[in-house]
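Spelled out from the first residue to the last, the chains are:
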Amino acid sequence: MGKHGKRGGGGRGRRPASNARTQRPNGASWNDFDTESMKNKSFEEYYKAQNIVPEAEWEDFLNILRTELPTTFRVTGSREHADTINGLIKDVYVPTMQEVELEGVKYAAPKPIEWYPNQFAWEVSAPKRVVRKQPAFKTFQRFLVGETSVGNLSRQEAVSMIPPLLMDVEPHHYCLDMCAAPGSKTTQIIEALNPYHTESTGMLIANDSDYKRTHMLVHQTGGRMPTKGLIVTNLDATMIPNISLGDGETLKFDRILADVPCSGDGTMRKNLEIWSKWSPYDGASLHVIQLRILDRAMAMLKPGGRLVYSTCSFNPTENEAVVAAALNAHPGEFHIVDVADKLPALKRRPGINSWRVFSRPNDELVEHASFKEYRTAVDASAEREQDKLKGMPETCWPPANAAELNLERSLRLLPHDQNTGGFYVCVLEKKAAPEAPAANATKVEKVDIASLPTPDEVIAIDEKGSLPLKRAASPSAEAAAAPKKLRSEATKKEKRDLQFREDPFSFVDPTHAEIDVLKEWFQLQATFPENNLLVRNEYGNPLRTMYIVNDTIKKIVLNNDYTRLRMISAGVKTFIRQDSQQRTDIKCKWRVSADGISEILQHVPTESVKVARVDELRTFLEDMYPPIDKFEEPFKTDLVKADLGNMLVKFEAGEAQGGKLTLPLYLPVWKAKHSMSLLVDKQEKSVLSERTFGEDICKPAPKSTLPGGTPALPSGAVTPVEGTATPAEGTETPVENPVVDEEAALNA
Ligand SMILES: C[S@@+](CC[C@H](N)C(=O)[O-])C[C@H]1O[C@@H](n2cnc3c(N)ncnc32)[C@H](O)[C@@H]1O
């Protein structure tokens, strides 16, 4: 195998199509690669031998792997305005991109992905070079970036959208996403739990073992897809502890996604370095951890529950071998679900029940027909030098009963079928009660997963093509042990994970004076979940931020030590304290966050929401602090009459001043002594402006200081409020999410 991935020099065979530098985080970009260097002898030999691609299609398979992936994205389906956004794409943007020509070449307009439900996913095949240079594509690109930043669109590889669609999530389900970061599938699960903001009683635990990546997860879900039924945790998925719901009940899940760390060779079209680095050890080194994660998922699933196992790898060692071993570790308990009737337009290949196992001593593939033969080679020292894996376990080979496990019901997505990356998905269901094997079933020994060797360090590649991921340090084994008692008396006795440095979680006493203030100010009705207001300190003190959680999340928080669960966040950030140093006559020093407004609106009387029109929205966007005089009647009188502080405003659907709102829009607004302001993130304001008025009419933030002496804000900050300032330092850590935390910006 030659050395590939040279930087710079544009030698012979250089890809002609793109001038764009699609820089990869790991350093390789499409410009650095020519198709000549996109070769790997072992990869080709290995996969030819696996028979996952019919011989007649082999060249198509290899050729498409050497081309750049189209851009694909989803419309966030649970949003009220999903249809509006999809309508804009179809009716406004796509017509302008018909027959686009650049340098004599015609490029197709974006088109809906055929198999994705409701035409809510799109594919843009034009290369970035065209998108940059061609005005119609450029305008569309700006729309995509803006709507993605506020959570209305999600950029995601097409095949990566499949596993959540096959989970069949319903709003009442308890779900677990075991390896969730950066969270593209997590947002799909949340959407399925909250279709069109129906009242979901279900919940999701989104977990990842990489601490930094759990914060990406918080950002991805919090700002873009806020839900009161969500907890983010930072656990090793192989030993997620049992979770108590109180009264002796242990949480079992209806739906689990195990989108496990993998070799990522299905991502070669964007993660170009795989071409030079691929080896059969990549998959084999991950086999045991993948199996352990799947095994843990099986234990946490309810009878009748559904579990989706997926990888972005073609490799049977990471796919069918893992599923087969897991089934044989739980004989008679699970079956593979036939999903042939789901997503009917999706071209998929059946899983295989026979595969071959190779090692690669001295850079040449060596096949081992059986585990026994492989061990003989290792023991004879022929393999020892290369035996980085502490030995491939027997579960890497097809078991004797492979043909009886219905592995063909699992799905392999091949890139040349519909111009995508590669993926593997298997849907498993837990039987209501274990079944005895059929009399004619092949006898196999039960797989003992606990006895399998785990490599010390496994390196997986993120499906987004990010940096290789090292396996994160695991929480302590004790932390994984089941809780013995309820939290009320047991928390202090439970073994705490002292390495874990996040702030504690507790609930505000509903009789607390601040809750009375909130109730009176916002006229919160009896339906308001006053018992479910969570704060990030030990004493239930509403110091800076209050989050709303649903009842199940509350039970989890109350009945489990947060360090043992390594809880990073929970619920929707709803109320943010807005203290004033200059004014004492503000009756309610809290504002509703833009993320939390839909949680509040359902509990306030219609008449307490002020009504405005598109004209008023224009005034709010054009001027960061419009004086009350700038507004028209009858809204102006409403503003004059209102007390200083936060109010909720409904901007009615309609057209005026070159703007159009297709649906009503609800936003929090602040009244200060001299002016008004929209409590919305700067970026979101620009997106809103583009969508409503066809251009960004928002004035840039003042350069020096703002009224009240508040300094100008970084991007991502909510508009500060005249006359308000930093709350006194409390015991809570102020920044739960450094990227989007509005408070942090206010306090800058
Ligand atoms: C393929 S990526 C997941 C992609 C994610 N599901 C999505 O759709 O955005 C695999 C993830 O597994 C995490 N991971 C690796 N080992 C893990 C373990 N033992 N337990 C939990 N997560 C793990 C990695 O940090 C990585 O974020």
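Everything numeric here is computed off the predicted structure, so don't read it as measured data.

Undergrad: How would you explain the overall build of the protein chain if you had to name every residue and give the values?
TA: Each helix and strand counted, the protein chain has 21 helices and 33 strands in total. Contacts spanning at least 24 positions in sequence make up 77% of the contacts within the protein chain whose residues lie at least 6 apart. Carbon together with sulfur atoms contributes 50% to the accessible area of the protein chain, which is approximately 30,800 Å² in total.

Undergrad: Provide a residue-level description of the sheet that holds strand β33 (residues 676-678), including the pertinent values.
TA: Read across the open sheet, the four strands follow the order β28-β29-β32-β33; overall the sheet is mixed. Bordering the open sheet on either side are β28 (610-612) and β33, each of which pairs with just one other strand. When the angles between neighbouring strand axes are averaged without regard to direction, this sheet yields 40 degrees. Pairing analysis gives three bridges linking strand β32 (residues 665-671) to β33, with the strands arranged antiparallel. Bridging from a neighbouring strand, Lys-671 pairs with Met-676 of β33.

Undergrad: Summarise helix α8 (residues 211-222); cite the residues concerned and give the values.
TA: The first and last C-alpha atoms of α8 sit 16 Å apart over twelve residues, in line with the 16 Å expected at 1.5 Å per residue. Those residues of α8 not exposed but buried are Arg-213, Thr-214, His-215, Leu-217, Val-218, Gln-220 and Thr-221. One side-chain oxygen of the residue at the start of α8 lies 3.1 Å from the amide nitrogen of Lys-212, identifying that residue as Asp-210.

Undergrad: Lay out the sheet that holds strand β1 (residues 71-75) with the relevant residues and their values.
TA: In space, the four strands of this open sheet follow the order β4-β5-β1-β6, with antiparallel pairing throughout. Pairing within the sheet leaves two strands with one partner each, and these edge strands are β4 (111-112) and β6 (153-155). Bridge count for β1 against strand β5 (residues 121-124) is four bridges, and the pairing is antiparallel. What sits directly across from Phe-73, in β5, is Trp-122. Helix α3 (residues 82-93) rests against β1, β5 and β6 of the sheet, and its axis sits at about 140 degrees to β1. The strands that helix α7 (residues 184-193) touches are β1 and β6; relative to β1, the one it contacts most, it runs at about 25 degrees.

Undergrad: Tell me about the site of the ligand, and name the residues and values.
TA: Residues in close proximity to the ligand total 21 residues, the closest being Asp-208, Arg-213, Asp-236, Ala-237 and Asp-259. Backbone polar atom of Ala-181 to an oxygen atom of the ligand: 3.0 Å apart, as the coordinates give it. Within the side chain of Asp-259, an N or O atom sits 2.7 Å from a nitrogen atom of the ligand. Here the ligand has 600 Å² of accessible area as a free molecule, and 98% of this is covered by the chains. Across the shell around the ligand, the residue classes tally to eleven nonpolar, four polar and six charged.

Undergrad: For the pattern of salt bridges, give the residues involved together with the corresponding values.
TA: Throughout the structure, instances matching the rule amount to 27 salt bridges. As a salt-bridge pair, Glu-45 and Lys-41 come within 3.9 Å of each other at their nearest N and O atoms. In this pair, Glu-45 and Lys-41 both sit in helix α1 (residues 41-50), four residues apart, roughly one turn of the helix. Given a relative accessible area of 36%, Glu-45 falls into the partly exposed group. Two residues, Asp-254 and Lys-302, come together in a salt bridge whose shortest N-O distance is 3.0 Å.

Undergrad: Could you give me a rundown of the UniProt feature "active site" (unreviewed entry) in the protein chain, with the residues and numbers involved?
TA: In this structure's numbering, the residues bearing the UniProt feature "active site" (unreviewed entry) are Cys-312. Along the polypeptide, Cys-312 turns up in the loop between β13 (301-311) and α11 (320-329). Overall, Cys-312 belongs to the buried group, its relative accessible area being 4%.

Undergrad: Tell me about the environment of Tyr-666, and please be specific about residues and values.
TA: Structurally, Tyr-666 is set in strand β32. A relative accessible area of 29% means that Tyr-666 is categorised as partly exposed. In this structure the C-alpha to C-alpha distance between Tyr-666 and Ala-612, which are 54 residues apart in sequence, comes to 9.8 Å. Those residues in contact with Tyr-666 that sit more than four places away from it in its chain are Ile-597, Leu-601, Val-609, Val-649 and Lys-650.

Undergrad: I'd like a description of the packing of aromatic side chains, backed by residues and values.
TA: With the rule as written, the count across this model stands at 25 aromatic pairs. On the numbers, 6.2 Å between centres and 55 degrees between planes, the contact of Phe-73 with Phe-140 is tilted. Taken together, the residues span a long stretch of sequence, with Phe-73 in strand β1 and Phe-140 in helix α5 (residues 135-149) at a distance of 67 residues. Each of the two residues, Phe-73 as well as Phe-140, counts as buried. Each ring, one from Phe-371 and one from Trp-397, has its centre 5.7 Å from the other, and the planes form 65 degrees; the classification is edge-to-face. Linking Phe-371 in helix α12 (residues 371-379) with Trp-397 in the loop between α12 and β18 (411-413), this pair joins segments that are 26 residues apart in sequence. Overall, Phe-371 belongs to the partly exposed group, its relative accessible area being 24%.

Criteria and cut-off values
- Residues numbered from 1 in each chain as written.
- Predicted model: local features only at pLDDT ≥ 70, side-chain atom pairs only at ≥ 80, totals over all residues.
- Heavy atoms only, no water.
- Helix = DSSP H or I, 4+ residues; strand = E, 2+ residues; numbered from the N terminus.
- Contact = heavy atoms within 4.5 Å.
- Areas by Shrake-Rupley, 256 points an atom, 1.4 Å probe, with all protein chains shown as cover.
- Pairing = 2+ DSSP bridges.
- Axes fitted to C-alpha atoms, helices over the stretch in contact; angles between N-to-C directions.
- Expected span 1.5 Å × (residues − 1).
- Buried < 20%, exposed > 50% of the residue type's maximum accessible area, 1.4 Å probe, protein only.
- Polar contact = N/O pair within 3.5 Å; in protein donor to acceptor, adjacent residues only side chain to side chain.
- Near = heavy atom within 4 Å.
- Nonpolar A, V, L, I, M, F, W, Y, C, P; charged D, E, K, R; others polar.
- Salt bridge = Lys/Arg side-chain N within 4 Å of Asp/Glu carboxyl O.
- UniProt positions renumbered as here; feature names shortened; annotations may be inferred.
- Phe/Tyr/Trp six-rings, centres within 6.5 Å; stacked < 30°, edge-to-face > 60°.

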